[in-house]
Amino acid sequence: MPATVGIGAQWGDEGKGKIIDHLAERASMVVRYQGGNNAGHTVIIGDTVLKLHQVPSGITRPSVAAVLGHGMVINPPALVEELDILAAEGISTDNLHISANAHIIMPYHILLDELEERRRQDQAIGTTKKGIGPAYTDKAARSGLRVQDLIDLDRFARRTALALERVNLELTRVFNVAPLKVEDIVEQYAPAARRMAPYVRDTGLFIYEALRREEKVLMEGAQGTMLDIDNGTYPFVTSSSPSAGGAVQGAGIGPTWIKDVLGVVKAYTSRVGMGPFPSELTDSIGDWIVEHGHEYGTTTGRRRRCGWIDLVALRYAARINGFTGIAITRLDVLSGLDEVRLCVGYRLPDGTVLQEYPSDTQVLAQVTAVYETMPGWQEDISAIRTFDELPGNTRAYCQRISDLLGVPIDLISVGAERNALIALRWPI
Ligand code: GDP
Ligand code: IMO
Ligand code: MG
């Protein structure tokens, strides 16, 4: 059975957790393929609110295998904390599977993330300070530690000592802070290593075998397309590939297994951290969306920057991911506006209007959004479960998004709760 990938189409926090949790009902496996605990995916089931950072959003369904793929960077103590929270909620983690080849976020990665951000001053990226960038840097430099190194504590101590030879030079000579000690790191990570060990396996083979058995495999992207290291608004990006190519690479399967690529599209745009954002609203409507939509980060609690939906960036996301369908989320948040706007072009300072997303981030930083305006709607749509029951203006807004993208609508989310969803087509 082919695999389905759910990908954030914007700058993260599109509601991927909610959509993946819903689709997981039909899957036998959910795979996180990149990122680490910079992600914050919210799943709401009745009164239970889960904020998942590393564990895939299929975890609430006992029959669904939850896989942490080798494209991830894993923070072991944070993972254990997450497992404890799940256990306290009565959610079993027996069906968890952790790649032996995923990289480990070390204490010095977190420290270096913080120090690097401070050093950048007004050029800071606004990272989550979870050590993501430094962990992927070490991976690319071939000096990272992997899960297989962690669970053998002697090997972990040896590899950590080797890594610290360079890291401590950087800490002491570049940043003028105290060096780290091997024993401290081993002591800090050993309990997590013991807890994780029973779950560790060759997840690439595990996923492949499920596909061969014709089971439905769902892949869960973290962050979003515009934060992709290759395709996003570099350097204001994360250090991995949330896009469709990253799914193949980070799970370790062939591209021909993927049939559906679902773009998760927030009905407006939000962004946390620095970087260009052409349709950003810095006026009272922007404030209204932030407050009405409670747009504060799941991981860091930071206020999210909000703006109108950006179809130039979304058409780019559809192109590079090959979206076969979209899930429009948080549509209910827009109820109450007299009019809604769609960014359909970027105007350069000389008046030229771009239809295509510019590859130069400096150019992107200079553009102003060109809008199409549509009438808004006042009705509370959160209890609606069919497309035809939506107010006419809401339907027209969704249809316009789909038409401009040239991609059909699979799902529409009208509330945070698991069942607050309109399914036009199941992409799995
Ligand atoms: P993710 O990182 O893409 O999984 O998204 P987050 O969980 O960080 O942020 C999305 C927020 O919107 C969470 O608080 C969700 O509970 C909430 N949410 C998801 N879908 C909807 C929706 O359709 N309507 C509303 N009002 N909230 C939603
Ligand atoms: P989910 O999966 C929104 C942003 C940070 C920063 C940039 C780099 O919940 O959608 P990093 O810590 O990754 O080096 O930060 O990326 N960022 C996110 N923004 N949602 C996320 O994850 C994010 N993960 C990272 O704010 O701008
Ligand atoms: Mg999030």
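Structural notes, computed from the coordinates. (Residues numbered from 1 in each chain as written. Chains lettered and ligands numbered in written order. Predicted model: local features only at pLDDT ≥ 70, side-chain atom pairs only at ≥ 80, totals over all residues. Heavy atoms only, no water.)

Comments concerning the overall build of the protein chain
Move 1: Each helix and strand counted, the protein chain has 13 helices and 20 strands in total.
Move 2: A compact globule built from 428 residues would reach a C-alpha radius of gyration of about 22 Å, and the protein chain, at 21 Å, matches this within 12%.
Move 3: If you line up the protein chain on its principal axes, its C-alpha atoms span 65 × 50 × 40 Å.
Move 4: Within the protein chain, the fraction of its 428 residues that count as buried is 57%.
Move 5: Total accessible area on the protein chain stands at roughly 17300 Å², and carbon and sulfur atoms take up 49% of it.
Move 6: When the 43 positive and 52 negative side-chain charges of the protein chain are each reduced to one mean point, those points stand 4 Å apart. (Helix = DSSP H or I, 4+ residues; strand = E, 2+ residues; numbered from the N terminus. Rg over C-alpha atoms; globule rule 2.2 N^0.38 Å. Buried < 20%, exposed > 50% of the residue type's maximum accessible area, 1.4 Å probe, protein only. Areas by Shrake-Rupley, 256 points an atom, 1.4 Å probe, with all protein chains shown as cover. Lys, Arg positive; Asp, Glu negative; His and termini not counted. Charge placed at Lys NZ, Arg CZ, Asp CG, Glu CD.)

Some remarks on the sheet that holds strand E9 (residues 200-201)
Move 1: Across the sheet, which stays open at both edges, the ten strands sit in the order E9-E7-E5-E2-E10-E1-E11-E15-E19-E20 with mixed pairing between neighbours. At either margin of the open sheet sits one strand with a lone partner, and together these are E9 and strand E20 (421-423).
Move 2: Together, strand E1 (3-8), strand E2 (29-32), strand E5 (65-68), strand E7 (96-99), E9 and strand E10 (217-220) form the strand contacts of helix H8 (residues 203-212), whose direction differs from that of E5 by roughly 140°. (Pairing = 2+ DSSP bridges. Contact = heavy atoms within 4.5 Å. Axes fitted to C-alpha atoms, helices over the stretch in contact; angles between N-to-C directions.)

Topic: the layout of surface pockets
The gaps left among the atoms become clear once a water-sized probe is rolled over them.
Move 1: In this model, the largest pocket occupies a volume close to 940 Å³.
Move 2: In this structure, the largest pocket is lined by 49 residues; those nearest its centre are Thr127, Ile132, Val237, Thr238 and Ser239.
Move 3: Elements with a minimum of two residues in the lining of the largest pocket: helix H3 (107-120), helix H4 (132-140) and helix H6 (153-174).
Move 4: The biggest single contributor to the lining of the largest pocket is H4, with eight residues.
Move 5: For the lining of the largest pocket, the residue count by class is 18 nonpolar, 19 polar and twelve charged.
Move 6: The volume enclosed by the second largest pocket comes to roughly 580 Å³.
Move 7: What lines the second largest pocket is a set of 28 residues, and nearest its centre among them are Thr42, Ile44, Arg304, Arg330 and Ala416.
Move 8: Counting only elements with at least two residues in the lining of the second largest pocket, the list comes to helix H1 (16-23), strand E3 (41-45) and strand E4 (48-52).
Move 9: Both domain 1 (3-98 + 201-261) and domain 3 (264-423) contribute no fewer than three residues apiece to the lining of the second largest pocket. (1 Å grid on protein atoms, 1.4 Å probe; cavity = no way out; pocket = protein on both sides within 12 Å on 5 of 7 lines; lining within 4 Å. Points joined across faces, edges and corners; volume = space filled by probe spheres on them. Nonpolar A, V, L, I, M, F, W, Y, C, P; charged D, E, K, R; others polar. Domains from an automatic or database assignment.)

A look at unusual backbone geometry
Move 1: Following Tyr234, the chain continues to Pro235 via a peptide bond in cis, the omega torsion being 5°.
Move 2: Along the chain, Pro235 turns up in the loop between E10 and helix H9 (244-251).
Move 3: Backbone geometry at Gln121 places phi at a positive 50°, although glycine is not the residue there.
Move 4: Position of Gln121 relative to the elements: it lies in the loop between H3 and H4.
Move 5: Classification of Gln121 as exposed rests on a relative accessible area of 64%.
Move 6: With phi around 60°, Arg330 is a residue other than glycine that occupies positive phi space.
Move 7: Checked against the element boundaries, Arg330 lands in the loop between strand E15 (325-329) and strand E16 (339-347).
Move 8: When its relative accessible area of 24% is taken as the criterion, Arg330 is described as partly exposed.

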